[in-house]
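# Overview (structure and organization)
Listed here are the chains, written in short residue letters.
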Amino acid sequence: MDRVHATKNFNLENLIIRPVKKSDLSALEWDGAYQKYRRMYTNLYRNTKSGRTLMWLIEEPSAGIIGQAFVMLISSERNAADGVQRAYVFAFRVKPNWRGRGIGTKLMHFVEDDLRQRGFSIVTLNVAKDNPDALRLYKRLGYKIIGSRSGIWSYKDDQGNLQHVHEPAWRMEKEIGN
């Protein structure tokens, strides 16, 4: 079945959410769109082994990986992820052809349920100020804006060059209970 046809005839119940495996890392580059994050993905995957980070993906059986969500359980920025009460969701993405079909909602509910079972009671995230669709999704899911972030960060790209990012964002959070 071709990918365009698959997007029209899918069932949310058939989607698979599972942890990222090492063999998935190249597929998370989304056909080159996120190749620049190759080193970061490798480091994040290493952090899953120490329990600092979770990496989830969502698959459609005939189309493969269609979304992802990464979770930092503990961070140097304790008001984002403190390892006890707060966890930080990032790199939350659904491929463009699959948006608007409930996939992001399903994935976020899964992440929240998993965090609740791990004993976390607050989920934080940042959403780029120039991403109104994501902001609308998070608000619909019960996230509240609690502040603003400069969005200044850096990473080493797939060539080993230091890249600087300026992505102003809203900090949002949601109490998920425990």
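Residues numbered from 1 in each chain as written. Predicted model: local features only at pLDDT ≥ 70, side-chain atom pairs only at ≥ 80, totals over all residues. Heavy atoms only, no water.

Its location among the elements puts lysine 95 in the loop between β4 (86–94) and α3 (103–117). It turns out lysine 95 is buried and unbridged, and the closest side chain with the opposite charge, aspartate 31, is 4.4 Å from it. (Helix = DSSP H or I, 4+ residues; strand = E, 2+ residues; numbered from the N terminus. Buried < 20%, exposed > 50% of the residue type's maximum accessible area, 1.4 Å probe, protein only. Lys, Arg positive; Asp, Glu negative; His and termini not counted. Salt bridge = Lys/Arg side-chain N within 4 Å of Asp/Glu carboxyl O.)

Take the sheet that holds strand β1 (residues 16–19) next. Strand order across the open sheet formed by seven strands is β1-β2-β3-β4-β5-β9-β6, with mixed pairing between neighbours. If you trace the sheet from one side to the other, it starts and ends with β1 and β6 (144–149), each paired once. The mean angle between the axes of side-by-side strands here comes to 30°, regardless of whether they run parallel or antiparallel. Pairing of β6 with strand β9 (residues 169–175) involves five bridges; the strand directions are antiparallel. Paired with serine 148 across the bridge in β9 is tryptophan 170. (Pairing = 2+ DSSP bridges. Axes fitted to C-alpha atoms, helices over the stretch in contact; angles between N-to-C directions.)

Helix length check: α3, at 15 residues, gives a terminal C-alpha distance of 21 Å against a target of 21 Å (1.5 Å per residue), a fit within 8%. All of the buried residues along α3 are Ile103, Gly104, Thr105, Leu107, Met108, Val111, Glu112, Asp114 and Leu115. (Expected span 1.5 Å × (residues − 1).)

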